[in-house]
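Structural overview
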Amino acid sequence: MVASAKLKMASPEPKGLVAFTKESLELMEQRIAKKHNEEHGEEDLKPNPDLEVGKELPFVYGNLPRGMVSEPLEDVDPYYQNQNTFMVLNKKRTIFRFNATWCTLSPFNLIRRTAVKILVHPFFRLFILISVLIDCVFMSMTNLPKWGPELQITLLAIYTFEILVKLVARGIWTGSYYFFGDPWNWLDFSVTLFEHITIYSPLNFILIFRIARSLRILKIIPLNQGVKSYVGTLLQCVKKLTGVIILTLFFLSVFSLIGMGLFMGNLKHKCLRWPQENETETLHNRTRNPGYIRETENFYYLEGERYALLCGNRTDAGQCPEGYVCVKAGINPDNGYTNFDNFGWALLALFRLMTQDFPEALYHQVLYASGKVYMIFFIVISFWFAFYMASLFLGILAMSYEEEKQTATEKAKKMDPKFQHTLLQEENEAAETKTTQIEMKKRLPVSTLAPLDVLDAAAVSHEEHKNSQKRCPLCWYKFAKIFLIWNCSPCWVKLKEFLHVIMMHPFTDLFLTMCIILNIYFLAMEYYPMSEEIFSVLSVGNLVFIGIFTTEMIFKIIAMHPYGYFQVGWNIYDSLIVLHGLAELFLASVHGLAVLQSLRVLRIFKLGKYWPTFKILLLTLTKSLVALKDLILLLFTFMFFSAIVGMRLFGLRYQEYACKLDKDCQLPRWHMINFFHSYLNVFRILCGEWIETLWDCFDIASRFSCIPFYMMVILIGNLLILYLFLALVSFFSSYNAATAEENDEAKNLWRALARIKKGVSYVLSKILCKRLDGPKDTMDHENNPRAKENISDHTLSELSNTQDFKVKERSTSTDKNTMTENESQSLIPSPSVSETVPIASGESDIENLDNKEIQSKSGYGSSKEKVKPSSSSECSTVDIALSEEEEMIYEHEKPKHHKNSYERRSSPGQISRDSKRGKIWRNIRKTCCKIVENSFFKCFIGLVTLLSTGALAFEDIYIDQRKTIKILLEYADMIFTYIFILEMLLKWMAYGLKAYFTNGWYRLDFMVVIVFCLNLIGKSREELKLLASIKFLRALRVLSQFERMKVVVRALIKTTLPALNVFLVCLMIWLAFSIMGVCLFAGKFYQCIDPTSGERFPTYEVRNKNHCESLILNESMPWENAKLNFDNVGNGFLSLLQVATFNGWISIMNSAVDSTGVDMQPEFEKNIYMYCYFLVFIVIGLFLPLTMLIGVILANFNKHKIKQGGSNIFITEKQKKQYCALKKLMCENSQKIIPRPGNKFQRFIFDLVTSQVFNIVIMVLICLQAITIMIESDGQSSQMDTALIWINLVFVMLYTGECVLKLIAFHCDYFTSGWNIFDFMVVVLSITGLLLPLMVGYYFVSPSLVQLILLSRIIHVLRPGKGPKVFHDLLLPLVLFLPALLNISLLIFLVMFVYAIFGMYNFAYVKKEAGINDVSNFETFGSSMLCLFQVTIFAGWDGMLDAIFNSKWSDCDPDKINPGTQVRGDCGNPIVGIIYFVSYILISWLIIVNMYIVLVMEFVNIASKKRAKTLSEYDFRKYFQVWKRFDPDGTQYIDSSKLSDFAAALDPPLYMAKPNKGQLVAMDLPMAVGDRIHCLDILLAFTKRVVGKDVRIEKLLSEMESGFVLANPFKITYEPITTTLKRKQEAVSATIIQRAYKSYRLRQSDKNTSDIHMIDDDREVQATKEDA
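Conventions we followed
Residues numbered from 1 in each chain as written. Predicted model: local features only at pLDDT ≥ 70, side-chain atom pairs only at ≥ 80, totals over all residues. Heavy atoms only, no water. Helix = DSSP H or I, 4+ residues; strand = E, 2+ residues; numbered from the N terminus. Buried < 20%, exposed > 50% of the residue type's maximum accessible area, 1.4 Å probe, protein only. Contact = heavy atoms within 4.5 Å. Areas by Shrake-Rupley, 256 points an atom, 1.4 Å probe, with all protein chains shown as cover. Core = buried A, V, L, I, M, F, W, Y, C linked by side-chain atoms within 4.5 Å. Phe/Tyr/Trp six-rings, centres within 6.5 Å; stacked < 30°, edge-to-face > 60°.

1. A look at the overall build of the protein
Looking only at helices and strands, the protein features 67 helices and 12 strands. A buried classification covers 46% of the 1668 residues belonging to the protein. Taking contacts inside the protein between residues at least 6 apart in sequence as the whole, the part at least 24 apart equals 75%. Surface summary for the protein: the accessible area is close to 86100 Å², and the carbon and sulfur share equals 63%.

Structure follows, in structure tokens:
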């Protein structure tokens, strides 16, 4: 039947190879003809993946005879037996397929057979690959040699020959296995044809020829099967990304239109010099001249700035200095390329913001021209839009990668005969190799067999053994047995044994580890300038370490034999380090070997031998790079191709228009004249820095050539990088520190440390033995079992008045779900839960009681709760839920036991005498407990916390001018301090000191109270005023008051702390690059600066430092160092951080490539190949460590998420309920069903406004209104302005008409929908926006206001059920992520708040230059938050740090008077600034990474649930929503004729596409009277179809059915009379019977007719006879 027809994989019986003959071709044609003639063909087959083109033929098909190599063979895959193809194998058993007929020569034609043999030969592919590589090399050359043209002709001939061979071998057609059936062949043919046309045509096609010839580079892709498969995978990813791309374009367009409405023409506002009253008449006359405004010298310029100062007319916008006015004149910034004057430029600006390229410059420009209030626009773009779009792209790519990974895993699970044969072959080779190794071991003495056995075991247990499976020939093992195993004499053997014992001793490894650490310290000590003493110490240390490492290598070679020594990878690495050190010593006299010296940093990685984490990460990295080699090759190929295309397109133009880019006609640093610079430019674009080079491209070439090239590089390049990034993260997410196996060296290291610890303990015990002899009796008495027995005999009832508060044990997962949020998240529960006072252990009368004895007596160990003996106090805080950390502390705390306490407890009289005093104490604690547990008290403390935190924002540079506010803040600080001290004392009384200080959040509160007290002390005494500066820590108290922040902090600790070991590995990599930078660039960033122009002197004027200091009449010029340099390791780390965040990295690289030597004047690109250092760092020091860290954080996130049952670890228990509610809200159709009115006119209007056509018309109107805004531009004609006003009026009228019609149709129900209310408000505001300018004028109301109000209706495109469904699916993860996003955003805001306050206290008066200006500064709280917003997105923090670095007299004035305050000076503090920015970057990066992980994993989970065969509540809700349309009366039945339409109307996975009647019949659904089917029967059948058949599924279905029956008793009365299958069988049977009966009747009628004719004939004969 149709329902049972399935695709199946061809799995034929292995058979031998058969030659393809004419008989084979005839049989194939007969089979094809027979298949076409058959009414119903056989079941469809799928091609065998193991027999695909390009793969090797499995060995199960037998050996390949020599006569069948490169000859036509019958296809062994049954799928192709009826496809008119044949198969060809080359010597390597690689599979090729060709068409046998149609548009090609016969397979038996000699010419075609020869072409096939040439095409399948391995040398042919290799020959073409070499030709392509040679072509690539010559394409990268700027100046070709004389014989270059001849080489090009030769290569063209080779490509032409290849095409001819393929044409003859494959045939001219576009089907499968034809020449034009492969898109890559189309590319080859087009490029080759165009090259011929270019060469032989008289027309000039040089530029087009150069560009088209670059496409030849892509020929590398089809020549590599792995790269070609990745291209197919990425194309599939692009198909899946279609919805995200459309959504991104939609949001980009909307935000661009908003930007046009807000900022159009504003960036032309500049400060123009305007005459004052006392100026001459000449200047007044000049200002009347229209050309005066266009003169650039009349604008105001800041010092060192290229463009005029922007300004605005708002109070919060940039203001002009005295004598200048703000006018709209001149061009836009950045040569006119940055603006919002039309849709195109606005779209480019928004794309720039989305990719976060140089956003700080655009922020400052817009805020200067429009006002700081518009920072909200940029926050939405950067924090929401860019983050959300990036998460969507990452989510879909991650989903695609996981699908590919699962597909590959499923294929690997199916054991192929090829693999079986390979395994047998490998086993034979392994046995042969093992025999050789046994023979080698026989030559070794018994004492030296152990290390080789250990090495063999290690090799088997690690990944290195897999690489060693490529066995060497047997002769090499024989050579190694003779020459690499040294057993010369007994004396030599004894020496080896002695050295073996020494080298394998634990203390030897400890000594070597200490030497490595000391060597790292010595390497990190280098700095500039160094004294001779330090230099000599470091040189001697280098010699000592080289000697130690050399001795280690020699001793190990002797002890282990060369054969055993070089079997270990770390030993090979050690030998390379030694060889490098010795080579450095021999070449010490050679000048210019800084690169060789910088390789000393490789010694740092010797530490990895003793570091299991490093070893695991290294193995994972190696494994991942090997697995992804084809993807890396594809990325490199694309970068090479882009560099060549850029060089061909723009290289000559950079030379022609150099003067347009620089006044001295000097080429810019980033050009594309040669391949190296072009490649650097492409690399920079892929790093996210593209806008500045695009501006240069606009200056020298057409925009229509620059934008496509840059978009190609950005989009395709980032797609490849993101896919590679996710693949590496997926590899590293499998990292688990617990599975890290330690090698022998690491174990020896721990053994040595254990022995040292044991020895130190032994020595201390011997030294302190006399002191220990004194209390020995006491200790013995304490350990006396009889004493314990006496105490343990006390019952719980006797001790009930004097015991600690009890604590609950950790509940099971079921119990946790029933607990309230306060119980599960906080140490202190609500008062309703408990009514007893907690007594701290420090205050308990039986604090020394042994808990174990009490547990044994009371059955504590077997109870479900951790209960200490209960207190008789009524208000003890029982049932306190402990956090993990607190419970761990509680379980490990063992109370001490003292003799006196036992005696005291043994006296019941003592207890009775103290009972009254204890009762008073318990009543006091009971009262304190009720106070602190009161909800109003908690709200009051929370409010005070917020007030005390918010008060910090008022203490800016203007606080001294606001005396009243200052006095109020001082009194408020005192009040806040007393309140928090009182709260702390109350909690001490209520919970006790032990319970208070074992809670981390209470410890934080205690620290904040200390901060308050220190603040008051600092204000009271002038000499302690520094203590008042730490008041910014007060804001941290907010963490302990709000559960949402506490959840995020706990989650961050869980995900990031386990990654600390990996972070140290990354830090070690950075240390290596920093030390290398010191070796390469220390002291080379100095330069001689011209004080007048601020530019560097050219080398022909100043050569070195001495020349600079005596340049003009012995007047010294400033010999300045770059603020960011590599003079020491600390500066190197900071420079590398700026390179890693791509902030200020261009200036660092410029200094590096211009460096010539120590105390030498830099020269433009003198050391150009130093770019490679930074390129390598970005790849190895940034990209790979980033994947390691994120992979480990992702692994920890998934681990803790699984522990919590799959719920989000960043939301609270209440928010988990909100999460479910949001999910239901997004899944349900929340629109209320409005009843159809009874009035005929209203019913007509109702049908009109609810029709699909009406909704489509409204959507079209919304899009047309958006298009009218797109055609608007700055400086347009007045006629255009008038036309747009009338168009807006028309749209307002149309929307008003829509609103009126819906009001008529829906009446009051119109306002029950939020969307209708939104539309109504849009109409009201639009009419107001049209009328308001008529009353107050256009100056106060912008003409674009109405347009933006009308544009807001475009949000209807995202409306569920109205807009595209793909938008709804993409917005669902964001909506579900909102609770976690709110929590994380609160934490980010708190971190920003704390750092903003700290910045106000320390950097408020820093000199304004570089990144600190009138917009971005630390003078006020708002400006500080603006600065930190930039740092959060890693934008512009280098400029702020550059301004804070001004700490010398030459850069700032420490005695400068700041008006309105007592603070003097405008200098910064570099050390504080570095700590400030680096710590904030690390904290914000961790939070943002976790935010990305949460949203990406949310998207992946939703997608995986849809892909998996599972059904959720959402699917069932959608099912019943569709059911309502087919059963509007709620009868629970539908007619069987509607079943097909109903199945096609459902959403996946329940959806069944038409034709589906055969599948529905096969489900055998029960039917009631009238051929009706019940909704539950359909749902159960559809569910079983989706999830399959399983015992658990059957149980679930039965539970669903029973629940439905209970909820709907009507189902009980229903008794089915038949099923769909029976009804179909009945119909078929009836049809068969009817046909048989009709056939019978026809036969009977024919028979009767023939009988009648016979009778008539007989009568005629008889009548004739009678007549005769």
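The discussion continues.
2. Concerning unusual backbone geometry
Between Tyr-528 and Pro-529 the backbone carries a cis peptide bond, its omega angle lying at -5°. For Pro-529, the position within the fold is in the loop between α20 (506–524) and α21 (532–565). Within the chain, Phe-1142 stands out as a residue other than glycine whose phi angle is a positive 55°. Note on placement: Phe-1142 falls in the loop between α49 (1129–1140) and α50 (1145–1154). Despite not being glycine, His-1307 shows a phi value in the positive range, around 55°. Secondary-structure assignment places His-1307 in the loop between α55 (1278–1306) and α56 (1314–1336). Judged by relative accessible area, His-1307 falls into the partly exposed class, the value being 42%.

3. Quick look at the nonpolar core
By size, the foremost hydrophobic cluster in this structure holds 324 residues, and its most contacted members are Leu-247 and Phe-1210. Among the elements that make up this core, the one with the highest residue count is helix α58 (residues 1365–1403) (23 residues). Discounting chain neighbours no more than four positions away, the residues touching Leu-247 are Tyr-388, Met-389, Leu-392, Leu-1358, Phe-1367 and Leu-1370. Formed by 22 residues, the second largest nonpolar core is a distinct cluster that contains Ala-1543, Met-1552, Met-1563 and Phe-1582.

4. Quick word on the packing of aromatic side chains
One pair of aromatic rings is described through two measures. These are the centre distance and the angle between the planes. Throughout the structure, instances matching the rule amount to 98 aromatic pairs. When the ring of Phe-725 is compared with that of Phe-1183, the centres are 6.1 Å apart and the planes differ by 55°; the resulting orientation is tilted. Of the two residues, Phe-725 sits in helix α29 (residues 703–732) while Phe-1183 sits in helix α51 (residues 1171–1203), which places them 458 residues apart along the sequence. Assessed through its relative accessible area of 13%, Phe-725 is described here as buried. When the ring of Phe-1526 is compared with that of Phe-1542, the centres are 5.5 Å apart and the planes differ by 85°; the resulting orientation is edge-to-face. Taken together, the positions of Phe-1526 in helix α62 (residues 1513–1526) and Phe-1542 in helix α63 (residues 1539–1545) put the pair 16 residues apart, joining distant regions of the chain.

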